[in-house]
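# Inside the fold
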Amino acid sequence: MKTAADLFARKGYGGVGTAELCAATGYGKGALYHHIRSKEDLLLDIMTVYLRELLADAEAILAREAEAEARIQGLSLSLMRAVVQDNAQMTVCFREVHALSPDHRRGVLRLHGDYFRLWERMMNEARDAGQLRSVDADEIKGLLGMYFYSFLWIGPGREGDIEALAAKFSDLVLGACRRD
C-alpha cells in the first residue's frame, strides 16, 4: 500500500498502471492480485486505513483527556503525525476520491464525516463544560481544513517538526475557540 500510495500521489491514480505497480513492488501480476482484489480496492484501502487509524487514535484521546486544551493538543498531534507520516495516503485521499466508485466514495466520505463529528462532539462538550465558546459546524470545518489541506505544503520529511507544527495548529484552534 505504501508503494502504491507513493506512486498514486506522484502520478495520479489514473497515471499508474498494473505493470508499474508490479515493477515498483517487485510482484508479478499474479502475485500482486493475490495481495489485492483490484486496483480500485487498493486505492480504497490506501484512503481508509489511515482514516480508521486517525479515528481510533482520536477516540482514545477523547476517552483519556477531559480538558478541551489537552484534547485539542492531542488531536492536533495525532492529525499532524498523519499529515507528515502518511503524507502520500492523505494526498491520494484528497486528490483521488473522485476515482472511486460511488459506493466506495460514500464510504470514504462517511469516514471523513465521522472524524468531523468527533471534533464537533468534543467542541460541544467543551462548550457545555464552559471551557470553549460555542463553535458552529462551519468553523469546525474551517479549522479541520487548516489541518487536512496542510498536506499540500508540509510534505514528507518533516518528522522532526511534528510536535512544533501540532503546537502551532492547536494554538490557532484554541485561540479561535476560547471564551471571550
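Structure: see above.
Description of the structure in this document.

## Quick word on the packing of helix α4 (residues 39–64) against helix α5 (residues 68–85)
Close contact between α4 and α5 brings their axes to 9 Å; oriented N to C, the two are set at 160°. Taken together, the axes of α4 and α5 lie roughly antiparallel to each other. In this structure, the crossing between α4 and α5 has a hand that is right-handed. In contact with Leu 54, Asp 57, Ala 58, Ile 61 and Leu 62 of α4, α5 contributes Arg 71, Gly 74, Leu 75, Ser 78, Leu 79 and Ala 82. Taken together, the residues that form the contact of α4 with α5 break down as seven nonpolar, two polar and two charged.

## Points about the packing of aromatic side chains
Applying the stated criterion across every chain, the model contains nine aromatic pairs. Measuring from ring centre to ring centre gives 5.4 Å for Phe 94 and Phe 148, while their planes differ by 45°; the resulting arrangement is tilted. Linking Phe 94 in helix α6 (residues 87–96) with Phe 148 in helix α8 (residues 137–148), this pair joins segments that are 54 residues apart in sequence. A relative accessible area of 7% places Phe 148 in the buried class. Members of the aromatic cluster, joined through ring pairs, are Phe 94, Tyr 115, Phe 148, Tyr 149 and Phe 151. We note Lys 39 situated over the ring of Tyr 13; from NZ or CZ to the ring centre the distance is 4.3 Å. Sitting over the face of the ring of Phe 116, Lys 141 holds its NZ or CZ atom 5.5 Å from the ring centroid.

## So, the nonpolar core
Within the largest apolar cluster, 62 residues are counted, with the highest numbers of intra-cluster contacts made by Phe 8, Leu 75, Met 80, Tyr 115, Trp 119 and Met 123. Take this core: its biggest share by element is 12 residues, from α4.

## What to know about helix α7 (residues 102–128)
The end-to-end C-alpha separation of α7 is 38 Å, in line with the 39 Å expected for 27 residues at 1.5 Å each. For α7, the complete set of buried residues consists of Val 108, Leu 111, His 112, Gly 113, Tyr 115, Phe 116, Leu 118, Trp 119, Met 122, Met 123 and Ala 126. In the core, the buried residues of α7 are packed alongside α4, α5, α6, α8 and α10 (162–177). Gly 130 lies just past α7 and shows a positive phi near 75°.

## Quick look at the packing of α5 against α8
Packing of α5 against α8 leaves a shortest axis separation of 9 Å and a crossing angle of 40°. One finds that α5 runs oblique with respect to α8. Contacts from Ser 76, Leu 79, Met 80 and Val 83 of α5 reach α8 at Leu 144, Tyr 147 and Phe 148. For the contact of α5 with α8, the class distribution of residues is six nonpolar, one polar and no charged.

## A few points about the environment of Ser 38
Residue position: Ser 38 is located in the loop between α3 (29–35) and α4. The exposure class assigned to Ser 38 is partly exposed, which follows from its relative accessible area of 23%. Polar contacts involving the side chain of Ser 38 include one to the main-chain amide nitrogen of Asp 41, which spans 3.0 Å.

## Observations concerning the side chain of Ser 150
Examined against the element boundaries, Ser 150 turns out to sit in the loop between α8 and α9 (151–154). Given a relative accessible area of 0%, Ser 150 falls into the buried group. Polar contacts involving the side chain of Ser 150 include one to the main-chain carbonyl oxygen of Tyr 147, which spans 2.5 Å.

Reading guide: rules and limits
- Residues numbered from 1 in each chain as written.
- Predicted model: local features only at pLDDT ≥ 70, side-chain atom pairs only at ≥ 80, totals over all residues.
- Heavy atoms only, no water.
- Axes fitted to C-alpha atoms, helices over the stretch in contact; angles between N-to-C directions.
- Helix = DSSP H or I, 4+ residues; strand = E, 2+ residues; numbered from the N terminus.
- Parallel < 35°, antiparallel > 145°, perpendicular 65-115°, else oblique.
- Left-handed = near helix turned anticlockwise from the far one by under 90°.
- Contact = heavy atoms within 4.5 Å.
- Nonpolar A, V, L, I, M, F, W, Y, C, P; charged D, E, K, R; others polar.
- Phe/Tyr/Trp six-rings, centres within 6.5 Å; stacked < 30°, edge-to-face > 60°.
- Buried < 20%, exposed > 50% of the residue type's maximum accessible area, 1.4 Å probe, protein only.
- Lys NZ or Arg CZ within 6 Å of the ring centre and 35° of its normal.
- Core = buried A, V, L, I, M, F, W, Y, C linked by side-chain atoms within 4.5 Å.
- Expected span 1.5 Å × (residues − 1).
- Polar contact = N/O pair within 3.5 Å; in protein donor to acceptor, adjacent residues only side chain to side chain.

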